[in-house]
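Geometric and topological summary
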Amino acid sequence: MKNVKFNRGNLGRGKWNKVKAGVIAGAMALSVLGAYSAFTSVTDTKVNTFNIVAGEDGAQAGTIVEPNWDEENAKNMLPRKTVAKDPKVVSDAEYETWVFLTVEVPTFEATLNGTADVYDAVTPNFNADGKWALIKSEKSSTAGTDSRYIYGYKDKVAAKGETSSLFTEFTVPDFTKTEALKDSLDIFGRMIQTEGYATLAEAAAALGLN
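Remember, predicted model here, so these are calculated numbers, not experimental data.

1. Concerning the pattern of salt bridges
This model, assessed by the stated rule, comprises seven salt bridges. One salt bridge in this structure joins E72 and K75, with 2.9 Å as the shortest N-O distance. You can call K75 partly exposed: its relative accessible area is 45%. One salt bridge in this structure joins E94 and K160, with 3.7 Å as the shortest N-O distance. Taken together, the residues span a long stretch of sequence, with E94 in the loop between β3 (88-91) and β4 (97-105) and K160 in the loop between β9 (147-153) and β10 (169-171) at a distance of 66 residues.

Right, dumping it as structure tokens:
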């Protein structure tokens, strides 16, 4: 009997390659189908509630009060006379603030310690409690033009809080000669939120006070 050798030959190799290709194609098909198969899920929800306080740039947010001021005591004042006057700021704001007060003091011609010159008509005892810082001082050298002094409260003022008094009294210096004068000591304030302004100096610069 003749030994017969089976040889795949070209035809056999072709069939084998087709089978192999079919397996690979099937695997690829499974891979593609698997890419579209996934679990979906969600996370929990965090609700972060916030609110913005009411406010308006340039709106009045504080009141100057003077508990011990009596205008009658300031009539017909003589040299060396002292009267009570104690301005402080009560905040109406719903937020923390830096507070500044500007005091305008009238000037006139007078003689003091033998020297005739232009002087502030009265002298407040500024910063009597040490809680205010002088931001700017502008002494007038022209009679009839006010001197101007700007002070800032060193502590942040809480919402609806208040400052201490910038001064508690003012005195007429010991003039030996003066002109007659009827004028006023004018005081006005500025306030700014503390948020974004870490120091009193930063707040003063933001308001253009220094």
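2. Some thoughts on the sheet that holds strand β2 (residues 82-84)
Spatial ordering of the open sheet is given by β2-β10-β7, a layout of three strands whose pairing is antiparallel. Looking at strand neighbours, the two that pair on one side only are β2 and β7 (123-124), the edges of this open sheet. Across two bridges, the pairing between β7 and β10 is antiparallel. Paired with P124 across the strands is F170, a residue of β10.

Parameters at a glance
- Residue indices begin from 1 for each chain and proceed along its sequence in written order.
- Only residues with pLDDT of at least 70 are given local features in this predicted model, and only at 80 or more are side-chain atom pairs given and counted; all residues enter the totals for whole chains, interfaces and linings.
- Side-chain measures here rest on the full set of heavy atoms in the structure, leaving out hydrogens and waters.
- Criterion for a salt bridge: a side-chain nitrogen of Lys or Arg within 4 Å of a carboxyl oxygen of Asp or Glu.
- Buried means the residue's accessible area, taken with a 1.4 Å probe over protein chains only, is under 20% of the maximum for its type, while exposed means over 50%, and partly exposed covers the values in between.
- Here a strand is any run of E in DSSP of at least two residues, a helix any run of H or I of at least four, and the numbering for each starts at the N terminus.
- Here, strands pair whenever DSSP counts at least two bridges between them.

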